[in-house]
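Examining the three-dimensional arrangement
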Amino acid sequence: MSNRTLAIIKPDGIRKNLIGQIITKITEAGFKVKAVKMVKLTKDSAAGFYEVHKERAFFKDLLDYMTSGPCVPIALEKENAVADFRKLIGATDPAEAEDGTIRKLYAASKAENVIHGSDSDENAAIEILHFFSRKELLDISGYQF
Ligand code: GDP
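Report on the accompanying structure. (Residues numbered from 1 in each chain as written. Predicted model: local features only at pLDDT ≥ 70, side-chain atom pairs only at ≥ 80, totals over all residues. Heavy atoms only, no water.)

1. Some thoughts on the packing of aromatic side chains
Worth spelling out the cut-off: Paired rings are identified among Phe, Tyr and Trp, the last through its six-membered ring, by centres lying within 6.5 Å, and are further divided according to the angle between planes into stacked (under 30 degrees), edge-to-face (over 60) and tilted (the rest). Runs of H or I in DSSP of at least four residues are treated as helices and runs of E of at least two as strands, each being numbered from the N terminus. Partly exposed residues are those whose accessible area sits between 20% and 50% of the maximum for their type, while under 20% is buried and over 50% is exposed, using a 1.4 Å probe and protein chains only. Either the NZ atom of lysine or the CZ atom of arginine qualifies as a charge over a ring when it sits within 6 Å of the ring centre and within 35 degrees of the ring normal.
One pass over the structure, following the stated rule, counts three aromatic pairs. Aromatic side chains F31 and F85 sit 5.3 Å apart centroid to centroid with 85° between the ring planes, which places their arrangement in the edge-to-face category. A residue pair is termed long-range when its members are at least 10 positions apart, and F31 in the loop between α2 (19–28) and β2 (32–36) and F85 in helix α5 (residues 81–89) qualify at 54 residues. Looking at F85, the relative accessible area reads 0%, which means it is buried. A network of ring pairs unites the aromatic residues F49, Y50 and F131 as a single cluster. Here the basic side chain of R4 rests over the ring of Y143, its NZ or CZ set 4.6 Å away from the ring centre.

Now the structure itself:
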């Protein structure tokens with residue numbers, strides 16, 4: 001069991017001015033912020049991040065959405081991080097998300113759902129390295145990847 005996961009506050013979360021509220025929910029749930037930045041993804045970078053979905057009908061819409069404004073990727077640490085964070089954000093479709101979850105509180109739709117969370121320990125490591133270099137993780141937080 002890994003203690004790391006990657007969150008991304010997606011462009012709609014930034015447009016809705018929710019950075020503060022969302023990070024508060026995350027830290028109140030016991031996660032520690034180990035690294036954070038604001039970035040604007042390129043189409044290539046977004047396509048690489050979501051490569052698993054490249055055959056899906058919504059892939060182009062997903063890239064348009066994820067490149068429509070800045071994102072805030074956050075490397076998080078907590079025991080059982082991946083599963084606990086998925087629970088905190090709720091189902092992909094906010095209509096199906098449990099009360100109190102970040103998507104239930106703030107997301108408009110299945111497509112525009114304000115936040116990402118890694119779905120496995122293996123992907124958490126890959127996704128953290130998509131946004132943060134090994135050197136900066138080591139310098140900022142003492143993370144060894
Ligand atoms: P997640 O792990 O809960 O984020 O969900 P998925 O891995 O299934 O999908 C990745 C992201 O693609 C979601 O968070 C949505 O932003 C987007 N997405 C999922 N399903 C759809 C869809 O049917 N249409 C569109 N436009 N976007 C979708």
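2. A closer look at the pairing of strand β3 (residues 72–77)
Formally: Two strands are said to pair when DSSP picks up at least two bridges between them.
For β3, the buried fraction is high: five of the six residues fall into the buried class. The pairing of strand β1 (residues 4–9) with β3 spans six bridges and is antiparallel. The residue bridging L6 from the neighbouring strand is A75, located in β3.

3. Overview of the site of the ligand
Here is the rule: Definition of nearness: a residue and a molecule or strand are near each other if at least one heavy atom of the residue lies within 4 Å of the molecule or strand. Identification of polar contacts relies on pairs of N or O atoms within 3.5 Å, with a donor-acceptor requirement for protein atoms, meaning one able to donate a hydrogen and the other able to accept it, and with residues adjacent in sequence counted only if both atoms are side-chain atoms. Calculation of accessible area relied on Shrake-Rupley with a 1.4 Å probe; when residues are assessed, cover is drawn exclusively from the protein chains displayed.
Among the 13 residues in the neighbourhood of the ligand, the closest are listed as H53, R86, T92, A111 and N113. R86 is positioned such that a nitrogen or oxygen atom in its side chain is 2.9 Å from an oxygen atom of the ligand. In this structure, an oxygen atom belonging to the ligand sits 2.8 Å away from a side-chain N or O atom of N113. Alone, the ligand offers 550 Å² of accessible surface; in the complex the protein occludes 81% of this. In terms of residue count, the dominant contributor to the shell around the ligand is helix α4 (residues 59–66) (three residues).

4. Regarding unusual backbone geometry
A positive phi angle, close to 65°, is found at N17, a residue other than glycine. Structurally, N17 can be placed in the loop between α1 (11–15) and α2. Residue N17 is classed as exposed on the basis of its relative accessible area of 64%. One non-glycine residue with positive phi stands out, namely V114, at about 60°. Of note, V114 is situated in the loop between α6 (102–106) and β4 (115–117).

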